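Remarks on the overall topology
Now for the letters of each chain:
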Amino acid sequence: AVFVVGSAPEIGAWDAGKAVPCLTSTKVYPNWTSQTVALPANTGNIEFKVLVQAADGKKPASARWEGGPNRCLTIPEGKGGLVQMSASCSWGLPEVTYRTKLDGGTVGGGQGLRPEPTPAPGPATEEPK
């Protein structure tokens, strides 16, 4: 199964055992979308990676981490409260699409590319099968 894990506690704090599951369908494959996660507004940048592991997440040590630089999302500024966010991406491709919803109902989104290479917490691996 495909998951995202990253720098914020809400997306696992780089712990594969706490990663957020992703979903796809035959219409959008190879694009995967994370479950919606509530993040504190004004968090700033959050880095993440895609990984593949058993669907139950019980063997995080055997997870296959996506190679390359970390992906990065900027959490929108709000007047406190939470931001509901989901991210969509494909294994190994630099593009990220995201959707946000601020407390109070403001909906947004956007697209971005991976930043220049930075050290990655997970090992480089092959494409998921």
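Position labels on residues start from 1 in each chain and follow its written sequence. Residue-level local features of this predicted model are given only where pLDDT is at least 70; pairs of side-chain atoms are given and counted only at 80 or more, and the full residue set underlies all totals for whole chains, interfaces and linings. With hydrogens and water excluded, all non-hydrogen atoms of the structure serve as input to the side-chain values.

**Notes on empty space enclosed by the protein**
The gaps of empty space that remain are located by a probe, the size of a water molecule, rolled over the atoms. Here is the rule we go by: Cavity and pocket criteria rest on a 1 Å grid covering protein atoms alone: a 1.4 Å probe that fits but cannot get out defines a cavity, protein on both sides within 12 Å along at least 5 of 7 lines defines an open pocket, and an atom within 4 Å of a point defines a lining residue. Grid points are joined across faces, edges and corners, and a volume is the space filled by probe spheres set on the points. For helices the rule is a DSSP run of H or I covering at least 4 residues; for strands it is a run of E covering at least 2, with both sets numbered from the N terminus onward. For this classification, the nonpolar set comprises Ala, Val, Leu, Ile, Met, Phe, Trp, Tyr, Cys and Pro, the charged set comprises Asp, Glu, Lys and Arg, and every other residue, Gly included, is treated as polar.
According to the stated counting rule, one finds two cavities of 30 Å³ or more in the structure shown. There is about 120 Å³ of room inside the largest cavity. Lining the largest cavity we find V4, I11, S34, Q35, V37, L39, I46, F48, L73, M85, S86 and A87. In terms of residue count, strand 8 (residues 82–90) provides more of the lining of the largest cavity than any other element does, three residues in total. Per-class residue counts for the lining of the largest cavity are nine nonpolar, three polar and no charged.

**Details of the side chain of E66**
To be explicit about the condition: Note on classification: 1.4 Å probe, protein chains only; a residue is buried when its accessible area is under 20% of the maximum for its type, exposed when over 50%, partly exposed between these limits. Here a polar contact is recorded for every N or O atom pair within 3.5 Å, except that within protein the pair must consist of a potential hydrogen donor and a potential acceptor, and residues adjacent in sequence are included only if both atoms are side-chain atoms.
With respect to the element layout, E66 can be found in the loop between strand 6 (64–65) and strand 7 (71–74). Since its relative accessible area comes to 1%, E66 is described here as buried. Side chain to side chain, E66 and R71 meet in a polar contact 2.6 Å long.

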